[in-house]
Amino acid sequence: QVQLVESGGGLVQTGGSLRLSCVASVRTFRLYALGWFRQAPGKEREFVAAISTTAANTDYADSVKGRFTISRDNAKNTVYLQMNSLKPEDTAVYYCAARFTMSTMFAGPGAADYNYWGQGAQVTVSS
């Protein structure tokens, strides 16, 4: 019922930047908390960032704090992940996720908290 489509991935050198976008096909986008997760080859899926419905709350993994910024535009049904100062260890498939919630504060790191997932966008950082 809710479809999420990521875009903006690609290949960059260490220290470069990328911005991922995720568009949701749902009218009540404002009622969905959003998150970004990633999975590197041979690794488990890990939390990257999350944002509440009103963007009042955000949360970041320690590994990306200070380098990545999550934001949302409810008028465009889009969540973004701005990635700066990229490192080779950031190489992964990045997934956006959404959770319907009446809470204006929720921005959780648990993958099980999210109901809908995008198809993933490849980000490769070369050294």
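Reference entry: report on the structure contained in this document. For clarity, every value in this text was computed on a predicted model and none was experimentally measured.

With the rule as written, the count across this model stands at 4 salt bridges. Residue arginine 38 pairs with glutamate 46 through a salt bridge whose shortest N-O separation is 2.7 Å. By relative accessible area, glutamate 46 is classed as partly exposed at 35%. The salt bridge partner of aspartate 90 is arginine 38, with a shortest N-O separation of 2.9 Å. Here the residue aspartate 90 occupies a position in the loop between β8 (78–83) and β9 (92–100), and arginine 38 occupies one in strand β4 (residues 32–39), the gap between them amounting to 52 residues. The pair aspartate 90 / arginine 38 is uniform in exposure class, with both members buried. Each of Arg38, Glu46, Arg67 and Asp90 takes part in a single network of salt bridges with overlapping partners.

This part is about the packing of aromatic side chains. Aromatic ring pairs are described here by two measures, namely the spacing of the ring centres and the angle between the planes. Across all of its chains, the model carries 7 aromatic pairs by this definition. Over the ring of tryptophan 117 we find arginine 45, and its NZ or CZ is 4.6 Å from the ring centre. Over the ring of phenylalanine 106 we find arginine 99, and its NZ or CZ is 4.3 Å from the ring centre.

Here the focus is the pairing of strand β5 (residues 46–51). Counting buried positions along β5 yields 5 of 6 residues, so the element is predominantly enclosed. Both β4 and β5 contribute to a ladder of 5 bridges, which runs antiparallel. Paired with phenylalanine 37 across the strands is phenylalanine 47, a residue of β5. Hairpin geometry of β4 and β5 is characterised by an intervening segment of 6 residues between the two adjacent antiparallel strands and by a positive phi of about 75 degrees at glycine 42. Once β5 ends, the chain turns through 6 residues before running back antiparallel as strand β6 (residues 58–60), passing alanine 55 with a positive phi of about 70 degrees.

It is worth spelling out the environment of tyrosine 80 at this point. Tracing the backbone shows tyrosine 80 in strand β8. Owing to a relative accessible area of 14%, tyrosine 80 belongs among the buried residues under this scheme. Considered as a pair, tyrosine 80 and cysteine 22 are 58 residues apart in the sequence and their alpha carbons are 6.4 Å apart. If near-sequence neighbours (up to four positions away) are discounted, tyrosine 80 is found in contact with Arg19, Leu20, Ser21, Trp36, Thr69, Ile70, Ser71 and Asp73.

Quick look at the sheet that holds strand β1 (residues 4–7) now. Reading across from one edge, β1-β3-β8-β7 is the order of the 4 strands in this open sheet, with antiparallel pairing throughout. Of all the strands in the sheet, just β1 and β7 (68–73) have a single pairing partner and so form its edges. Neighbour to neighbour, the strand axes of the sheet diverge by 15 degrees on average, direction disregarded. Bridging between strand β3 (residues 18–24) and β8 involves 6 bridges; their strand directions are antiparallel. Of the residues in β8, the one forming a bridge with leucine 20 is leucine 81.

Conventions used here
Residues numbered from 1 in each chain as written. Predicted model: local features only at pLDDT ≥ 70, side-chain atom pairs only at ≥ 80, totals over all residues. Heavy atoms only, no water. Salt bridge = Lys/Arg side-chain N within 4 Å of Asp/Glu carboxyl O. Buried < 20%, exposed > 50% of the residue type's maximum accessible area, 1.4 Å probe, protein only. Helix = DSSP H or I, 4+ residues; strand = E, 2+ residues; numbered from the N terminus. Phe/Tyr/Trp six-rings, centres within 6.5 Å; stacked < 30°, edge-to-face > 60°. Lys NZ or Arg CZ within 6 Å of the ring centre and 35° of its normal. Pairing = 2+ DSSP bridges. Contact = heavy atoms within 4.5 Å. Axes fitted to C-alpha atoms, helices over the stretch in contact; angles between N-to-C directions.

Nothing here speaks to function; it is all geometry.
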